[in-house]
Amino acid sequence: MADDYAYADDGGENDGNALGSFFYPFALVALSVTSFWVQSVVTEERLVPALNIISEYFNIPDDIAGATLMAAGASSPELLCTIISLFVTHSSLGLGTIVGSEIFNQLIICAGSVYSSKVHSNDESVKKYGERFLVLDRTMVVREVGFYALSIILLYVALSEVVWDKNDQVERINVSLFKACLLFGGYLVYVVVCVYMEQIMAMIGFVLAWEEEPSVRLPPVPQEVTVSDSWYNLYGGSNQGLNDSNETHLRSLESAMSCGSVRCRNFHEEDLHQLPFIYNLTSEPVENFETSGGKSTHDSVSASSSFVNDDDNNTIDTDTIDTNRKKVRGLLSKGCKMLRCGDRCGADRDYPVQVNYVLELTNDDDTCEIRCHLWERSYFYSKARARAHAFQLRWFTITPQKISSVPDRNSPTKHAMVYPLFDEIHVDVKRRIIQLVHPVEGKRDFVLIAPSLAIFDAVLQALDKYVTATSSLRDMGVTELEDDRGVLSKRDRNADPHVELIEFPKNASMPGIALWVATFPLRLIMHYSLPDVRQLDHHGHVTASIFVAYMSTVMSLTWLLAGSYTMVVSLESLADVIGIPDSVMGVTLSAAGTSLPAYIASRIAAERGFGNQAVANVFGSNTFNIFVGLGLPWVIYCLANDGSYSELENEHILESILTMAGALVLFVALMLQTGYVVLKWHADLFVLLYVCYVAYSIGQVFL
């Protein structure tokens, strides 16, 4: 009887163990996904903005900040994963994560950027390339792909020495201090090249892409310089690249600005160093901005008299507006979804694409007032490469007396911003970029992008009237207007309209709400332990101090360390349960999870016409991950352990490196064949290759 009872007791215990064993892998997956989310949120919404403020505070040039601080911040999950797996868990997960991320970035992110690019309508281009394609800047391809190729070669050299471990009876890879230093030193060379890229390209005789792009710099200039003279010579350009449509718009703007309130002068090459961000934007091939008349996210319907109140027609056809809104609603939904990808786990942004028509433009001739949407470059991501929150869509009101904007036209006082009394602007006509230069040196300039050429024209004409009407105030020394919104809460006074971590998702789906509730305790702790520097006053100036930026950086790194450790431990445990090597887990699930934020950011950048930057971000991140993400930890380890690192098991990692090299060779061959154009069938091929790579990595374990 006792035996029966004991048997029954054992059976119950076995059932419990079996039940626990069944749920254990799912718990590890949930823990891993949560750690991915934590690292993504902390990096995008806390660490990168804080590093941006620190870079601005110390006046670090954009090229240097982007290649050092901002690159380290954006790639911190991969870097910390390598450090933890190297010094704490002593596994190959970190190496596998970076190698897998390289392949994911090059194949999947490049493909996603093409899928998200604007739809083209030019018959000749469509016939030759198809409706979706990305044109790459040759200089970018030479620099970024060249250094990525160098990093792959040095990585292969660093991992080429294989030794036999007699104790464990396994092959191990030995990394010497010299090879580790060689790998890390490659990034120092990369930074130098980034800083002196213009001089280097000039020395070797390359014709830079931006030398052919027309732009304009407005105000003061000698009377003898005409608008048309300087219009085509900004950034050393010429008018040879203009087509008839753009030239017509330029001539119409010339006549609009011929009143004398706004004058132009040539913008010389040495001035480029004062505007590194605009310089980078204007290196984007103009073909990536061109769209069809009815298929693009932002230029879906060309503005006409039904949308724009011009001199000949002072009425707005509301029926036509409603009809066209219905036509573009489905087309805009894709862009809305991508914008809301940043609201992880159900947070929902209600402003402004979701509720308003992006091409809407009102023009009141009686008051000389226009209202329209413009993309504004976020201050907190100005030094980073392609980021998900790099641009914000705002509803602008431009009158002769004042320029202001809000994120949601239905809330005209919340998160409002009043712009300075500027007397100088920089414009890139083809890409519809406008920079408002602050009259006080050292204060923030504002970079805007018009959703359509019609809005771009209307805004420039309104800015000309604004400069004329406010000249008397500028003569008295006034540079900024006071705020007249009345009493608002601290949150509504903040001109940066971001969603708080603990803010309840108003319009989220039931699964989104469920995820938000499940993660609320974690959200609450993160909200109160991570200082948020994204605070702007109504003039667009940062209110967070440098001390807050330091605190945010320290706390962000603390959270990233905790998140990386959780990710490494949970994925290693999951690999043990499934029965696959840590390196295979790294090149698959870990690589995809850590690269997802970069994928979202690149897709959004491509949607807005910055596909070249999105692809540059891919290769730049890959170069950093190899040179610094692997090289730096290996250097530290070798210095602390008799000059070598020999804990890596030879788990087919060299085969993945050869896959990286093969994918890069294929990319270069395709670019040379098409003239630096990434086509849609290239994207399809990249996705297929990645699926085959993942299947091979997993299959070689079980077959």
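The preceding data block contains the structure.
A short tour of the structure in this document, coming up. The shown structure was predicted, so the numbers you read here are calculated from the model rather than taken from an experiment.

What follows concerns the overall build of the protein chain. What the protein chain contains, in helices and strands, is 22 helices and 14 strands. Counting all 703 residues of the protein chain, 55% fall into the buried class. Contacts spanning at least 24 positions in sequence make up 75% of the contacts within the protein chain whose residues lie at least 6 apart.

The antiparallel open sheet is built from three strands, whose spatial order is β2-β3-β13. Each having just a single partner strand, β2 (162-165) and β13 (644-649) make up the two edges of the open sheet. Here the strands of the sheet are splayed against their neighbours by 40 degrees on average, with no regard to which way each runs. Here strand β3 (residues 170-176) runs beside β13; their pairing, made up of four bridges, is antiparallel. In the sheet register, Arg172 faces β13, and the bridge partner there is Glu649.

This brings us to the packing of helix α7 (residues 138-158) against helix α20 (residues 611-640). α20 packs onto α7 with a crossing angle of 25 degrees between their chain directions and a minimal axis gap of 9 Å. With respect to their mutual orientation, α7 and α20 come out roughly parallel. α7 and α20 meet at a crossing whose hand is left-handed. The segment α7 lies against α20, with Met140, Glu144, Val145, Phe147, Tyr148, Leu150, Ser151, Ile152, Leu154, Leu155 and Ala158 engaging Asn612, Val615, Ala616, Phe619, Gly620, Asn622, Thr623, Ile626, Phe627, Leu630 and Trp634. Of the residues that constitute the contact of α7 with α20, the class distribution is 16 nonpolar, five polar and one charged.

Turning our eyes to something else, we now look at the pairing of strand β8 (residues 403-406). Within a regular beta strand, the side chains point alternately toward one face of the sheet and then the other, so they alternate between its two faces. Side chains of β8 alternate between two faces, with Ile403 and Ser405 and Ser404 and Val406 buried alike. In this structure, strand β7 (residues 391-398) lies alongside β8, joined through four bridges in antiparallel fashion. Bridging from a neighbouring strand, Thr397 pairs with Ser404 of β8. The loop that links β7 with its antiparallel partner β8 comprises four residues. Bridging between β8 and strand β9 (residues 417-418) involves two bridges; their strand directions are antiparallel. Bridging from a neighbouring strand, Ser404 pairs with Val418 of β9.

As a further point, take the pattern of salt bridges. Tallying each qualifying case throughout the model produces nine salt bridges. Measuring nitrogen to oxygen at the nearest pair gives 3.2 Å for the salt bridge that ties Glu376 to Arg444. Highlighted residues: Glu376 in strand β6 (residues 369-377) and Arg444 in the loop between β11 (433-436) and β12 (446-449), separated in sequence by 68 residues. Note on Glu376: relative accessible area 3%, which makes it buried. The salt bridge partner of Asp684 is Lys680, with a shortest N-O separation of 3.7 Å. With Asp684 and Lys680 both in helix α22 (residues 680-702) and four residues apart, the pair spans about one turn of that helix. Each of Glu45, Arg46, Asp532 and Arg534 takes part in one network of salt bridges that share partners.

Moving on, we get to the side chain of Gln435. Tracing the backbone shows Gln435 in strand β11. Looking at Gln435, the relative accessible area reads 5%, which means it is buried. Here the side chain of Gln435 touches His426 through a polar contact of 2.6 Å, side chain to side chain.

In this section: the side chain of Thr519. Checked against the element boundaries, Thr519 lands in helix α17 (residues 510-529). Classification of Thr519 as buried rests on a relative accessible area of 13%. A distance of 2.8 Å separates a polar side-chain atom of Thr519 from the backbone oxygen of Leu515.

This structure, assessed with the given rule, holds 20 aromatic pairs. Their ring planes at 50 degrees and their centres at 5.1 Å tell us that Tyr129 and Phe133 sit as a pair that is tilted. With a relative accessible area of 2%, Phe133 lands in the buried category. Between Phe619 and Phe667, the ring centres sit 5.0 Å apart and the planes meet at 55 degrees, which makes this aromatic pair tilted. Of this pair, Phe619 sits in helix α20 while Phe667 is found in helix α21 (residues 653-674), placing the two residues 48 residues apart along the sequence. Given a relative accessible area of 0%, Phe619 falls into the buried group. The rings of Phe147, Tyr187, Tyr190, Phe624 and Phe627 are connected pair by pair, giving a single aromatic cluster. Here the guanidinium or amino end of Arg409 rests over the ring plane of Trp395, the centre of that ring lying 4.2 Å away.

With that out of the way, let us pick up the environment of Pro633. With respect to the helices and strands, the residue Pro633 is situated in helix α20. Of the residues examined, Pro633 reaches a relative accessible area of 1% and is grouped as buried. Distance from Pro633 to Leu80, taken between C-alpha atoms, is 9.3 Å for residues 553 residues apart in sequence. The contact partners of Pro633, leaving out residues within four places of it in the chain, are Leu79, Thr82, Ile83, Leu86, Phe87 and Val628.

Reading the values: rules and limits
Residues numbered from 1 in each chain as written. Predicted model: local features only at pLDDT ≥ 70, side-chain atom pairs only at ≥ 80, totals over all residues. Heavy atoms only, no water. Helix = DSSP H or I, 4+ residues; strand = E, 2+ residues; numbered from the N terminus. Buried < 20%, exposed > 50% of the residue type's maximum accessible area, 1.4 Å probe, protein only. Contact = heavy atoms within 4.5 Å. Pairing = 2+ DSSP bridges. Axes fitted to C-alpha atoms, helices over the stretch in contact; angles between N-to-C directions. Parallel < 35°, antiparallel > 145°, perpendicular 65-115°, else oblique. Left-handed = near helix turned anticlockwise from the far one by under 90°. Nonpolar A, V, L, I, M, F, W, Y, C, P; charged D, E, K, R; others polar. Salt bridge = Lys/Arg side-chain N within 4 Å of Asp/Glu carboxyl O. Polar contact = N/O pair within 3.5 Å; in protein donor to acceptor, adjacent residues only side chain to side chain. Phe/Tyr/Trp six-rings, centres within 6.5 Å; stacked < 30°, edge-to-face > 60°. Lys NZ or Arg CZ within 6 Å of the ring centre and 35° of its normal.

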